[in-house]
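# Chains, contacts and geometry: an overview
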Amino acid sequence: AQTVTQSQPEMSVQEAETVTLSCTYDTSESDYYLFWYKQPPSRQMILVIRQEAYKQQNATENRFSVNFQKAAKSFSLKISDSQLGDAAMYFCAYRTPFRNEKLTFGTGTRLTIIP
Amino acid sequence: SAVISQKPSRDICQRGTSLTIQCQVDSQVTMMFWYRQQPGQSLTLIATANQGSEATYESGFVIDKFPISRPNLTFSTLTVSNMSPEDSSIYLCSVEGRTSTDTQYFGPGTRLTVL
């Protein structure tokens, strides 16, 4: 079974600085999808970024980028120029390449932004 | 992405009662997913609901406790039956995107407190 591990329960970063959140996963599949979701206090789960395992290029979305290391089964999220609105729980998630399959989530990292 | 609404947004219920949560999507989707997020925890899939067939439940979740209906391609309900304080959680529904079918989008969640 696939597992997703986030080893940092809490992180904090100064506003405008850069922070990296860690995620590792375990799978025997060669093709899959990885995601980072953000959950602010409003509890809405918001997609931050997605990565397709067969693509070697790391995904980027504005201030958010990933470092995808397939051999190491590592998928870290880098947030540049941190803003107060980035404060939230961040969940790493895995999905197989097949449609209508569930997401397997990590335990989350609570990110605090220090003004 | 899909626009998903849930009702109610929150509720406080008495032990032994049942609550039905509604999930409405702005477009037709094949599969809808129901997740549970216990306080301070990650998301766990309860079941997947395909229109016109019985829901498929994950290990640890049973139909008698969490009956699901899926009467059409834009709507689903999850009932939490015979509630106990351990059922206090956020319940979220999600669907795959129309164009990005590898990505799941989430409703705003229903915060349930059982006294």
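Our structure's up above, just so we're on the same page.
We now turn to the structure provided with this report. (Residues numbered from 1 in each chain as written. Chains lettered and ligands numbered in written order. Predicted model: local features only at pLDDT ≥ 70, side-chain atom pairs only at ≥ 80, totals over all residues. Heavy atoms only, no water.)

## Description of the overall build of chain A
Heads up, the condition is: By definition, any uninterrupted DSSP run of H or I lasting at least four residues is a helix, any uninterrupted run of E lasting at least two residues is a strand, and each is numbered from the N terminus. Two things to know: the radius of gyration comes from C-alpha atoms, and the globule rule equals 2.2 Å times the number of residues to the power 0.38. With a 1.4 Å probe rolled over the protein chains alone, any residue whose accessible area is under 20% of its type maximum counts as buried; one over 50% counts as exposed, and the rest are partly exposed. Throughout, a residue-residue contact means that at least one pair of heavy atoms, one from each residue, lies within 4.5 Å. Where accessible areas are quoted, they stem from the Shrake-Rupley method and a 1.4 Å probe; at the residue level, only the protein chains shown are allowed to cover.
The helix and strand inventory of chain A stands at zero helices and 12 strands. Secondary structure elements of chain A occur, N-terminal to C-terminal, as β-β-β-β-β-β-β-β-β-β-β-β. Against the globule reference of 13 Å for 115 residues, chain A gives a C-alpha radius of gyration of 14 Å, in line with a compact fold. Each of the three principal axes of chain A carries a C-alpha extent, and together these read 40 × 25 × 20 Å. Among the 115 residues that make up chain A, the fraction classed as buried is 47%. In chain A, the proportion of contacts linking residues at least 24 apart, taken out of those at least 6 apart, comes to 54%. Here chain A displays about 5700 Å² of accessible surface, and carbon together with sulfur accounts for 46% of that area.

## Quick word on the pattern of salt bridges
The test is simple: The salt bridge definition used is simple: a Lys or Arg side-chain nitrogen within 4 Å of an Asp or Glu carboxyl oxygen.
Enumeration over the complete set of coordinates arrives at seven salt bridges over all chains. Here Arg63(A) makes a salt bridge to Asp86(A), at a shortest N to O gap of 2.8 Å. Of this pair, Arg63(A) sits in the loop between β7 (60–61) and β8 (64–69) while Asp86(A) sits in the loop between β9 (74–79) and β10 (88–95); the two residues are 23 residues apart in sequence, bridging distant segments of the chain. Among the salt bridges present, the one from Glu96(B) reaches Arg95(A), with a minimum N-O distance of 2.9 Å. Of the two residues, Glu96(B) sits in strand β9 (residues 89–96) while Arg95(A) sits in strand β10, which places them in two different chains. Look at Arg95(A) and you get buried, because its relative accessible area is 1%.

## A word on the interface of chain B and chain A
Note the following rule: Once two parts are joined, some of their accessible surface, as seen by a 1.4 Å probe, is lost; buried area is that loss totalled over both. The definition of a polar contact used here is a pair of N or O atoms within 3.5 Å, where within protein one atom must be able to donate a hydrogen and the other to accept one, and adjacent residues in sequence count solely through side-chain atom pairs. When residues are grouped by polarity, Ala, Val, Leu, Ile, Met, Phe, Trp, Tyr, Cys and Pro land in nonpolar, Asp, Glu, Lys and Arg in charged, and all others, Gly among them, in polar.
Counting residues at the interface gives 26 residues for chain B, matched by 20 residues for chain A. Of the roughly 1900 Å² buried at the junction of chain B and chain A (both faces included), carbon and sulfur atoms supply 48%. Among the residues chain B hides against chain A, the three largest losses belong to Glu96(B), Asp102(B) and Phe106(B). Together they make up 27% of the total. Where chain B packs against chain A, one counts two salt bridges. Taken together, the connections running from chain B to chain A amount to 13 residue pairs in polar contact (both at pLDDT 80 or more). At the level of elements, β4 (31–37), β5 (43–50), β9, β10 (104–106) and β11 (110–114) of chain B are the ones that each hand at least two residues to the side of chain B that touches chain A. Examining the composition of the side of chain B that touches chain A, we find that four residues originate from one element, β4(B), more than from any other. Class assignment for the residues of the side of chain B that touches chain A results in 10 nonpolar, 11 polar and five charged.

## With respect to the sheet that holds strand β3 (residues 19–25) of chain B
Residue and element names in this part refer to chain B. So the rule is basically this: Any two strands with at least two DSSP-identified bridges between them are counted as paired. An axis is simply a line fitted to the C-alpha atoms; with a helix, the fit covers only the stretch in contact. Between two such axes, the angle follows the N-to-C directions and lies from 0 to 180 degrees.
On the basis of which strands lie adjacent, the open sheet formed by four strands has the order β1-β3-β8-β7 and antiparallel pairing. Edge positions in the sheet fall to β1 (4–7) and β7 (68–72), since each of these pairs with one other strand and no more. If you compare each strand with its neighbour and ignore which way they point, the axes differ by 15° on average. For β1 and β3, the ladder comprises four bridges, and the chain directions are antiparallel. Bridging from a neighbouring strand, Ile4 pairs with Val25 of β3.

## Comments concerning the state of the cysteines
All names here are of chain A. Note the cut-off: Throughout, a disulfide means two cysteine sulfur atoms within 2.5 Å of one another.
Under the defined criterion, the tally for this structure stands at two disulfides over all chains. One disulfide bridge connects Cys23 with Cys92, the sulfur atoms lying 2.0 Å from each other. Taking the sign of the S-S torsion, about -70° here, the bridge from Cys23 to Cys92 comes out left-handed. Separated by 69 residues along the polypeptide, Cys23 in the loop between β3 (19–21) and β4 (24–26) and Cys92 in strand β10 bring together distant segments of the chain. Across the pair, Cys92 and Cys23 agree in class, each one buried.

## Remarks on the pairing of β10(A)
Residue and element names in this part refer to chain A. In terms of burial, β10 is a largely internal element, eight of the eight residues being buried. Sheet topology places strand β5 (residues 33–39) next to β10; seven bridges connect them, and they run antiparallel. Paired with Trp36 across the bridge in β10 is Cys92. When β10 meets strand β12 (residues 109–114), the two strands line up antiparallel, connected through three bridges. Bridging from a neighbouring strand, Ala88 pairs with Leu111 of β12. Of the strand pairs in this sheet, β10 and strand β11 (residues 104–105) are connected by two bridges, and their pairing is antiparallel. Looking at β11, one finds that Tyr94 is bridged to Thr104.

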